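Listed below are the residues making up each chain.
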Amino acid sequence: LPLCPVSMAQEHSIAGTWKGDIEIPGKGGLGMVIILEKNGSDKYVGTIDTPSQNIWGLTLSEISFDNGSVSMKVPLTRGHWQADLSDDEQTLTGTWYQNGAKLPLSCTRQADLPEIPQEIASAMSGTWEGKLTVGAVVLRMVFNFELDVNGHLSGSSESPDQGAGKMPVTRI
């Protein structure tokens with residue numbers, strides 16, 4: 001039998017936690033944390049944090065990954081990042097675009113966070129209510145946690161006193 005070459009295409013992934021600094025001339029770096037995962041439709045979803053600005057869990061949109069090139073948008077800030085994945089899949093290097101600026105942004109892959117132990121996740125399932133005191137203002141807070149079909153914890157929060165409705169909890 002003749003031997004035929006077989007393609008052993010390796011599937012690359014950008015799923016995970018990425019951390020880096022947007023390089024701002026004369027001001028140093030602005031730290032960013034990007035968390036990407038694949039949803040049930042095999043598409044990427046994610047959030048972005050800017051810890052020094054107390055910005056957490058902004059939703060990413062239009063995430064694409066093709067032939068080592070990555071692109072994503074942050075609708076709330078009108079930011080956009082285009083980057084390339086390194087051969088070892090540990091670095092995304094590219095340009096951050098926002099309000100007419102083009103700034104270098106490189107992020108390195110971070111170690112995955114450990115899963116919440118099943119017994120703790122099960123104990124957290126349900127509705128939790130409490131109060132958040134901010135100066136003289138006291139707000140009621142409600143957190144709802146549930147286990148998905150894979151046993152992962154997901155949740156939402158709401159502040160009945162502010163009437164904003166449920167907001168997804170992006171990290172547990």
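Computed from a predicted model, the values in this text were never measured in an experiment.

**Q** Sorry if this is basic, but what is going on with the pairing of strand E12 (residues 153-158) here?
**A** Moving residue by residue along a regular strand, the side chains alternate between the two faces of the sheet. Judged from the 6 bridges that link them, strand E11 (residues 137-147) and E12 form a sheet pairing that is antiparallel. When the sheet's bridge partners are listed, Val-142 is paired in E12 with Glu-158. In the sheet, E12 pairs with strand E13 (residues 167-169) via 3 bridges, with the strands oriented antiparallel. If you follow Gly-155 over to E13, its bridge partner there is Val-169.

**Q** What am I meant to see in the sheet that holds strand E6 (residues 69-74) here?
**A** Sheet strands associate in pairs through backbone hydrogen bonding, adopting either a parallel or an antiparallel arrangement. Here we have 9 strands laid out as an open sheet, ordered E4-E3-E2-E1-E9-E8-E7-E6-E5, and antiparallel in their pairing. The open sheet has two edge strands, strand E4 (55-59) and strand E5 (61-66), and neither has a second partner. Averaged over all neighbouring strand pairs, the angle between strand axes comes to 25 degrees, with direction disregarded. Inspection of the sheet shows strand E8 (residues 91-98) paired to strand E9 (residues 101-110) by 8 bridges, in the antiparallel sense. Residue pairing for E9: Trp-96 is matched across the bridge by Leu-103.

**Q** Looking at this model, I keep getting lost on the sheet that holds E12. Mind explaining?
**A** Strand order in the open sheet made by the 4 strands is E10-E11-E12-E13, with antiparallel pairing throughout. Two strands in the sheet have a free side with no partner beyond their single neighbour: strand E10 (126-134) and E13. Going across the sheet, the axis of each strand differs from the next one's by a mean of 30 degrees, ignoring polarity.

**Q** Explain a nonpolar patch on the surface here, please?
**A** There is a patch of nonpolar side chains on the surface, built from Leu-132, Val-134 and Val-137 and spanning about 240 Å² of accessible area. Here Leu-132 is to be found in strand E10. On the basis of relative accessible area, Leu-132 is assigned to the partly exposed category, the value being 40%.

**Q** Please clarify how the packing of aromatic side chains should be interpreted in this entry.
**A** Centre-to-centre distance and the angle between the planes together describe a pair of aromatic rings. Tallying each qualifying case throughout the model produces 2 aromatic pairs. Centre to centre, the rings of Tyr-44 and Phe-65 are 6.3 Å apart; their planes meet at 85 degrees, and the pair counts as edge-to-face. In this pair, Tyr-44 is assigned in strand E3 (residues 44-50) and Phe-65 in strand E5, connecting sequence segments 21 residues apart. A relative accessible area of 21% places Phe-65 in the partly exposed class. Taken together, a centroid distance of 6.2 Å and an interplanar angle of 10 degrees make the contact between Phe-143 and Phe-145 stacked. Residue class for Phe-145 comes out buried when judged on its relative accessible area of 14%.

**Q** For this particular structure, what's the right way to read the nonpolar core?
**A** Generally speaking, nonpolar side chains in soluble globular proteins are found buried as a group. The biggest cluster of nonpolar side chains holds 23 residues, and the ones touching the most others in it are Ile-34 and Trp-81. Of all the secondary-structure elements, those providing two or more residues to this core are strand E1 (16-24), strand E2 (28-38), E3, E6, strand E7 (79-85), E8 and E9. Ranked by the residues each element gives to this core, the list is headed by E2, at 4 residues. Apart from the residues within four sequence positions on either side, Ile-34 is in contact with Gly-16, Thr-17, Trp-18, Thr-47, Ile-48, Leu-60, Met-72, Trp-81 and Cys-107.

Cut-offs applied
- Residues numbered from 1 in each chain as written.
- Predicted model: local features only at pLDDT ≥ 70, side-chain atom pairs only at ≥ 80, totals over all residues.
- Heavy atoms only, no water.
- Pairing = 2+ DSSP bridges.
- Helix = DSSP H or I, 4+ residues; strand = E, 2+ residues; numbered from the N terminus.
- Axes fitted to C-alpha atoms, helices over the stretch in contact; angles between N-to-C directions.
- Patch = residues over 30% accessible without salt bridge, like charges linked within 9 Å, V, L, I, M, F, W, Y side chains within 5 Å.
- Areas by Shrake-Rupley, 256 points an atom, 1.4 Å probe, with all protein chains shown as cover.
- Salt bridge = Lys/Arg side-chain N within 4 Å of Asp/Glu carboxyl O.
- Buried < 20%, exposed > 50% of the residue type's maximum accessible area, 1.4 Å probe, protein only.
- Phe/Tyr/Trp six-rings, centres within 6.5 Å; stacked < 30°, edge-to-face > 60°.
- Core = buried A, V, L, I, M, F, W, Y, C linked by side-chain atoms within 4.5 Å.
- Contact = heavy atoms within 4.5 Å.

By themselves these figures say nothing about function.
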